[in-house]
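# Examining the three-dimensional arrangement
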Amino acid sequence: MLHRDVVGREQAQAHRGNGTPSLLAMESVIRALRAALQANPDDIDVRLHLAQLLQEAGAHAEALAEYREVLHYQPAHPDAWLGGGA
């Protein structure tokens, strides 16, 4: 199974109900994204999604590190700059 399939399934489960993911569901998606990055560390889309979820979960230092890693691969990536890459 592709890592995107796993992440997609985790995201669908995280957003069931009122549309707001629970912290537990977010942690599950974050784990799936980290596993995907272990298999493919230069996947910018997965890394950016991880940064956004970390930021949403309040893990700002970790999110900033991921945004900066996106900028390492793509220095002009607008979402990474807007998300906190400096």
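Here, every reference points to the structure presented above.
Residues numbered from 1 in each chain as written. Predicted model: local features only at pLDDT ≥ 70, side-chain atom pairs only at ≥ 80, totals over all residues. Heavy atoms only, no water.

## With respect to the pattern of salt bridges
Heads up, the condition is: In the sections that follow, a salt bridge refers to a side-chain nitrogen of Lys or Arg positioned within 4 Å of a carboxyl oxygen of Asp or Glu. Each helix corresponds to a stretch of at least 4 residues labelled H or I by DSSP, and each strand to a stretch of at least 2 residues labelled E; elements are numbered beginning at the N terminus. For every residue, the accessible area (1.4 Å probe, protein chains only) is compared with the maximum for its type, and the residue is labelled buried under 20%, exposed over 50%, or partly exposed between those bounds.
A full pass over the atoms with the stated rule returns 2 salt bridges. Note that Arg34 and Glu62 form a salt bridge whose closest N and O atoms lie 2.3 Å from each other. With Arg34 in helix 2 (residues 23-39) and Glu62 in helix 4 (residues 60-73), this residue pair connects regions lying 28 residues apart in the sequence. Classification of Glu62 as partly exposed rests on a relative accessible area of 39%. One salt bridge connects Arg47 with Glu66, and the closest N-O pair in it is separated by 2.6 Å. Here Arg47, found in helix 3 (residues 44-56), pairs with Glu66, found in helix 4; they are 19 residues apart in sequence, far enough to count as distant.

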